[in-house]
Amino acid sequence: MRFQHGNRDEPEINLIPFIDILLVILIFLMLTTTFSQTTALQVNLPVAQAELPPQTPREVVVSVAADGRYAVNNRVLEQTGVEALVAALNSAPRAADTVLVIQADAAASHQSVIDVMDAARQVGLVQITFATQRDGRR
């Protein structure tokens, strides 16, 4: 038997796939890492003993009856018209982010609901929503 003692090929480790995998992992870690934001100065704010400000209502509710009468925050208006609504909405307590909730009867005319929306625009209430009730057939 003849054995070769010379020309032996040493096994090599191919590093290119290893480097590719490491680059993919590095990119993944860079994209998913969140960096904490540190402030330049440590500031200890003073503590104040103050009363809480009074809570301002966050919504003004306008009810529209089937016959065209209006109520603002459960206070029935004597007159029906945009001017009366504007006066009542101006006198209603509200904050800057107050929402106007319109509770219109299903039989109320569209014009009376549009009058409420017009009065809200004149007063400056821009967030408007409509109240509905759940369907009882479920």
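These numbers were taken from a predicted model, which means no experiment stands behind them. (Residues numbered from 1 in each chain as written. Predicted model: local features only at pLDDT ≥ 70, side-chain atom pairs only at ≥ 80, totals over all residues. Heavy atoms only, no water.)

### Some words on the overall build of the protein chain
Then step 1. When helices and strands are counted, the protein chain shows three helices and five strands.
Then step 2. Sequence-ordered secondary structure for the protein chain, helices as α and strands as β, is α-β-β-β-α-β-α-β.
Then step 3. For the protein chain, the proportion of contacts with a sequence separation of at least 24, taken over those separated by at least 6, is 65%.
Then step 4. About 12,300 Å² of surface is accessible on the protein chain, with carbon and sulfur atoms providing 56% of the total. (Helix = DSSP H or I, 4+ residues; strand = E, 2+ residues; numbered from the N terminus. Contact = heavy atoms within 4.5 Å. Areas by Shrake-Rupley, 256 points an atom, 1.4 Å probe, with all protein chains shown as cover.)

### Looking at the nonpolar core
Then step 1. In terms of nonpolar packing, the biggest core is built from 21 residues, with Val62, Val72, Leu85, Leu89, Leu100 and Val116 touching the most fellow members.
Then step 2. Counting residues per element, the ones that place at least two in this core are β1 (59–64), β2 (70–72), α2 (82–91), β4 (99–104) and α3 (110–123).
Then step 3. In contact with Val116, other than residues within four places in its own chain, are Val62, Val64, Tyr70, Leu85, Leu100 and Ile102. (Core = buried A, V, L, I, M, F, W, Y, C linked by side-chain atoms within 4.5 Å. Buried < 20%, exposed > 50% of the residue type's maximum accessible area, 1.4 Å probe, protein only.)

### A look at a nonpolar patch on the surface
Then step 1. Among the surface-exposed residues, Ile13, Leu15, Phe18, Ile19, Ile21, Leu22, Leu23, Ile25, Leu26, Phe28, Leu29 and Met30 lie close enough to one another that they form a single nonpolar patch of about 1,200 Å² accessible area.
Then step 2. Along the polypeptide, Met30 turns up in helix α1 (residues 16–32).
Then step 3. Overall, the relative accessible area of 55% leaves Met30 in the exposed class. (Patch = residues over 30% accessible without salt bridge, like charges linked within 9 Å, V, L, I, M, F, W, Y side chains within 5 Å. Salt bridge = Lys/Arg side-chain N within 4 Å of Asp/Glu carboxyl O.)

### Considering the pairing of strand β5 (residues 127–130)
Then step 1. Note that β4 and β5 share four bridges and pair parallel. Bridge pairing in β5 places Val99 opposite Gln127.
Then step 2. Following the backbone out of β4, through α3 and into the adjacent parallel β5, one traces a crossover that is right-handed. (Pairing = 2+ DSSP bridges. Right-handed = clockwise from strand over helix to strand, strands pointing away.)

### Structural notes on the sheet that holds β4
Then step 1. Read across the sheet, five strands follow the order β3-β2-β1-β4-β5 without closing on themselves; strand pairing throughout is mixed. Each edge of the sheet is formed by a strand with only one pairing partner; in this case those strands are β3 (75–76) and β5.
Then step 2. Pairing of β1 with β4 involves six bridges; the strand directions are parallel. Looking at β4, one finds that Val60 is bridged to Leu100.
Then step 3. Packing against the sheet, α3 makes contact with β1, β2, β4 and β5, and its axis sits at approximately 165° to β4. (Axes fitted to C-alpha atoms, helices over the stretch in contact; angles between N-to-C directions.)

### Let's talk about the pattern of salt bridges
Then step 1. Taken as a whole and judged by the stated rule, the model has three salt bridges.
Then step 2. Note that Arg58 and Asp97 form a salt bridge whose closest N and O atoms lie 2.7 Å from each other. With a gap of 39 residues between them, Arg58 in the loop between α1 and β1 and Asp97 in the loop between α2 and β4 connect regions that are remote in the sequence.
Then step 3. Accessibility expressed as a relative area gives 44% for Arg58, which makes it partly exposed.
Then step 4. Residue Asp97 is classed as partly exposed on the basis of its relative accessible area of 39%.
Then step 5. A salt bridge links Asp67 to Arg69; its shortest N-O distance comes to 2.9 Å.

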